[in-house]
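Each chain, written out:
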Amino acid sequence: MPGLEDLYREIILDHYKNPRNRGQLEVPPAVRADGHNPLCGDEITVYVELDGDRVARVAIDGQGCSISQSSASMMSQAMTGRTTDEARALLHRFKHMMSIADHDHSDEPGEEVPLGDLEALQGVVKFPVRIKCAVLAWNTLAQALDSAAS
Amino acid sequence: MSAIDVDTLIQDFPLLSAAPEDGRRLIYLDSANTSQKPFHVIEAMDRFLRESYGPINRSAYRLAAAATDAYEGARHRVARFINAASADEIVFTRNATDALNLFAQSWSRAHLRRGDVVVLSHMEHHANIVPWQMMHDEIGIELRWIPLTDDGQLDLADLDDLLDGASVLAVTAMSNVLGTINPVTELCTRARAAGAITMVDACQSVPHGPTDVQAWGADLCAFSSHKMLGPTGLGVLWGRAEILEALPPMIGGGNMIDDVRLDGYSCAPVPTRFEAGTGQLVEAVGLNAAIDYLDTLGMDRVRDHERELTRYAIDALTAAFGDDITIHGPSDPDLRGGVLSFAFRDLHPHDVSQILDEYRVCVRAGHHCAKPLMRILEANATVRASLYIYNSPDDIDVLVEALSSAGDIFGF
């Protein structure tokens, strides 16, 4: 099944079966945001703890399909250690890869923040109904960053 | 009574008999969601649009009279199909949700007061929950709930207590998640004894077996055209004449009036008073053709076909996957319709549905518009395979093959 191989890459299945940074963080110092997909019932909670301007820790709680869970796991790894500006730049790049218009940015995303393993999620674009699954954690992280900034 | 010959019948359904893609034919297991259409329905609507289309209830010329006859003919056809006492008891609505809302909202506002009781069940579709919750918020009616047994049937042990002092019982004839067929006649009898009127959500039952609303002893029921081979955009509210007479219309406008003056209006008789604006004429013609198709098959044969196919499916899935599959609802096919919601290993329903799609197997993954029930099942979502007249044991065999492949991909 060539189409499915694009979707269910080995690295995605690995993150699904062995999710990184699962759990909860104490609020405060962390901030939390909840996201859900009303179509499929997937629910996710993202915790972000900042150290100054830097993302010190990310934790993911909730449940969902392989795409939403692996995307959340990979995101938690990719975000840890970045400045909030870098985190937002990566968010912008990821949503661009998912073919989603980002109203905060009219420009093409820069390449200064590498996608790394996240490129494995590119195959999701061929399955439009699953794009919402892939970006759920990212939109929830954006909420968490917004509430940390305010 | 001979069994339905699916190989022959499927030739009536353009989508199901289309040439295979990549060697795979379409296997449609989502009829509890919406059904496929035979060319009889497609061509009846097409022919009507080409040859007889005109306004209804408006004009004196012959074309308009013929169009009105077609619309009213469909109303009579529906009445006969469910054994209503009269075609005047059939209201055409936009869909079944519209019919359920018309009754819940209009009846509550006209006849219920703060503290009056409406009894629902834990297996209701959102369309038979949310309108009542809106009336709870607006009027202060009390909602009571019939719980479920462990195998997904209504737990009627405390029904008399629940019905004590109740004004309305609104309950589904068949669960769209569990497949459970409820004892509608018993429910209506006991509700009547308690002084409550009954609304039966018949969306999942009318397409799949014989319906006799008078034998039920119900006061109202609702169902949709698109789940029974007919077009979208059309639902049916049946109500006993005296109930409909006491139900105020919710939408005002043309068609539904008897007279309009600057200082007020008077309504047309039932059922026209509930059909404001231009009705779903073409859709009614399509539903008429769909009912002709189903009646030619015979609703007893439809029920027998689905019961035996459900038995085959439960046996095949259990034999192939054992404890790796959990099929919700009663295990006895005599107690259920052809709706199979299940959990498969630890796989998320979206992933299962995605992999099944590669085999061109169409199933629904999600909460099926019954979130209170999903919480009772402790599932955020299930996979649901639902059967109809055009499904065969071959379809079930491909479902089993595709599920095996899903297990392989995830290595569970």
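Per chain, residues are indexed from 1 in the order of the written sequence. Starting at A for chains and at 1 for ligands, labels are handed out in the order in which the entities are written. With the structure being a predicted model, the display of local features is reserved for residues of pLDDT at least 70 and the display and counting of side-chain atom pairs for 80 or more, all residues being used for whole-chain, interface and lining totals.

Caption draft 1: Up close: the overall build of chain A. Helix and strand definitions follow DSSP, with helices as H or I runs of at least four residues and strands as E runs of at least two, each counted in order from the N terminus. The number of helices and strands found in chain A is five helices and three strands. Reading the helices (α) and strands (β) of chain A from amino to carboxyl end gives α-α-β-β-β-α-α-α. Atoms counted for the radius of gyration: C-alpha only. Globule rule: 2.2 Å times the number of residues to the power 0.38. For 150 residues, the compact-globule estimate of 2.2 N^0.38 gives 15 Å, and chain A sits close to it at 14 Å. Viewed in the frame of its principal axes, chain A has a C-alpha envelope of about 45 × 35 × 25 Å. Taking as baseline every contact in chain A between residues at least 6 positions apart, the subset at least 24 positions apart corresponds to 67%. Contact criterion: two residues are in contact if their C-beta atoms, reconstructed from the backbone, are within 7 Å.

Caption draft 2: Structural context of helix 2 (residues 10-17) of chain A. Residues and elements named next belong to chain A. Put simply, a residue is buried when 20 or more other C-beta atoms lie within 10 Å of its own C-beta and exposed when 12 or fewer do; between those, it is partly exposed, and each C-beta is set from the backbone. Three or more residues of helix 2 are buried, namely Ile 12, His 15 and Tyr 16. Angularly, the buried residues of helix 2 cover 105 degrees about the axis, an arc narrow enough to put them on a single face. In this structure, the buried residues of helix 2 make contact with helix 3 (66-79). The directions considered for the arc are those from the helix axis to the C-beta atoms.

Caption draft 3: Geometry of the environment of Val 361 of chain B. With respect to the secondary-structure elements, Val 361 of chain B resides in strand 13 (residues 361-362). The residues contacting Val 361 of chain B, other than those within four sequence positions of it, are Ile 27, Leu 29, Leu 356, Val 398, Leu 399 and Ala 402 of chain B.

Caption draft 4: Broad picture of the sheet that holds strand 12 (residues 339-344) of chain B. Residue and element names in this part refer to chain B. By this definition, two strands are paired if DSSP reports at least two bridges between them. Strand order in the open sheet formed by four strands is 11-12-15-14, with antiparallel pairing between adjacent strands. Because the sheet does not close on itself, it has two edges, and the strands there are strand 11 (325-327) and strand 14 (364-366). Taking the axes of each pair of neighbouring strands and ignoring which way they run, one obtains an average angle of 30 degrees across the sheet. By the bridge criterion, three bridges tie strand 11 to strand 12 in an arrangement that is antiparallel. If you follow Ile 325 over to strand 12, its bridge partner there is Phe 344. Across the sheet, helix 11 (residues 299-321) touches strand 11 and strand 12, and the angle it forms with strand 11 is around 155 degrees. Axis angles are defined between N-to-C directions and span 0 to 180 degrees, where every axis is a line fitted to C-alpha atoms and, for a helix, only to the segment in contact. Its contacts with the sheet place helix 12 (residues 349-358) against strand 12, strand 14 and strand 15 (382-386), and it is angled at close to 160 degrees to strand 14.

Caption draft 5: Up close: the pairing of strand 3 (residues 54-63) of chain A. Bridge count between strand 2 (residues 42-51) of chain A and strand 3 of chain A: nine bridges; the pairing is antiparallel. Looking at strand 3 of chain A, one finds that Ile 44 of chain A is bridged to Gly 62 of chain A.

Caption draft 6: Examining the packing of helix 3 of chain A against helix 5 (residues 131-149) of chain A more closely. Residues and elements named next belong to chain A. Put simply, helix 3 and helix 5 touch, their axes get as near as 7 Å, and they point 40 degrees apart. In terms of their interaxial angle, helix 3 and helix 5 are classed as oblique. Seen from above, helix 3 lies across helix 5 with right-handed handedness. Of helix 5, the residues touching helix 3 (which contributes Ile 67, Ser 68, Ser 71, Ala 72, Met 75 and Met 79) are Cys 133, Ala 134, Leu 136, Ala 137, Trp 138 and Leu 141. Under the scheme applied, nonpolar residues are Ala, Val, Leu, Ile, Met, Phe, Trp, Tyr, Cys and Pro; charged residues are Asp, Glu, Lys and Arg; polar residues are all the others, including Gly. Looking at the contact of helix 3 with helix 5 residue by residue, the class counts come to ten nonpolar, two polar and no charged. An angle below 35 degrees is read as roughly parallel, one above 145 as roughly antiparallel, one from 65 to 115 as roughly perpendicular, and any other as oblique. By convention, the crossing between two helices is left-handed when the near helix turns anticlockwise from the far helix through less than a right angle, and right-handed when the turn is clockwise.

Caption draft 7: Structural context of the interface of chain B and chain A. Contact with chain B, which involves 13 residues of that partner, is made by 17 residues of chain A. Ranked by residue count, the leading element in the side of chain B that touches chain A is helix 12 of chain B, at five residues. Looking at the side of chain B that touches chain A, its residues break down into five nonpolar, six polar and two charged.

Caption draft 8: Expanded view of the sheet that holds strand 8 (residues 235-239) of chain B. Residue and element names in this part refer to chain B. Read from one edge of the open sheet, seven strands run 2-8-7-6-5-3-4, paired in mixed fashion. Edge positions in the sheet fall to strand 2 (90-93) and strand 4 (142-146), since each of these pairs with one other strand and no more. Strand-to-strand twist of the sheet, defined as the mean angle between neighbouring strand axes without regard to direction, takes the value 20 degrees. Sheet topology places strand 6 (residues 197-201) next to strand 7 (residues 220-224); three bridges connect them, and they run parallel. The residue of strand 7 that forms the bridge with Asp 201 is Ala 222.

Caption draft 9: A look at the nonpolar core. What we call a nonpolar core is a set of buried Ala, Val, Leu, Ile, Met, Phe, Trp, Tyr and Cys residues whose membership is set by joining through C-beta atoms within 7 Å. Counting 165 residues, the largest nonpolar core has Leu 141 of chain A together with Phe 103, Cys 221, Ala 222 and Val 285 of chain B as its most contacted members. Split by domain, this core shows at least three residues from each of two domains, domain 1 (6-30 + 298-410) and domain 2 (42-295) of chain B. Residues in contact with Phe 103 of chain B, not counting those within four places in the same chain, are Met 199, Leu 220, Leu 237 and Leu 247 of chain B. Where each domain begins and ends is defined by an automated method or by a domain database.

Caption draft 10: Just the confidence of the model for chain B, in detail. Residues with a pLDDT of 70 or more make up 100% of chain B, whose mean pLDDT is 96. Taken over the whole predicted complex, pTM reads 0.92, whereas the ipTM for its chain interfaces reads 0.82. Each residue carries a pLDDT value, the predictor's own confidence for that position, ranging from 0 to 100.

Caption draft 11: Geometry of the domain arrangement of chain B. Residues and elements named next belong to chain B. Examined at the domain level, chain B breaks down into domain 1 (6-30 + 298-410) and domain 2 (42-295). At the level of secondary structure, the elements contributing two or more residues to the side of domain 1 that touches domain 2 comprise helix 11, strand 12 and helix 13 (371-376). When residues of the side of domain 1 that touches domain 2 are assigned to their parent elements, the largest contribution, five residues, is made by helix 11. A class-by-class count of the residues in the side of domain 1 that touches domain 2 yields eleven nonpolar, seven polar and five charged.

Caption draft 12: Unusual backbone geometry, seen in detail. Geometrically, the link from Val 27 of chain A to Pro 28 of chain A is a cis peptide bond, its omega value of -20 degrees lying close to zero. Within the element layout of this structure, Pro 28 of chain A appears in the loop between helix 2 and strand 1 (31-37). Of note, the bond from Val 270 of chain B into Pro 271 of chain B is cis; its omega dihedral lies within 30 degrees of zero at 0 degrees. Considering the arrangement of structural elements, one finds Pro 271 of chain B in the loop between strand 10 (264-267) and helix 10 (281-297). Despite not being glycine, Cys 369 of chain B has its phi angle at roughly 55 degrees, a positive value. Within the secondary structure, Cys 369 of chain B sits in the loop between strand 14 and helix 13. Even without a glycine there, the phi angle at Glu 378 of chain B is positive, about 55 degrees.

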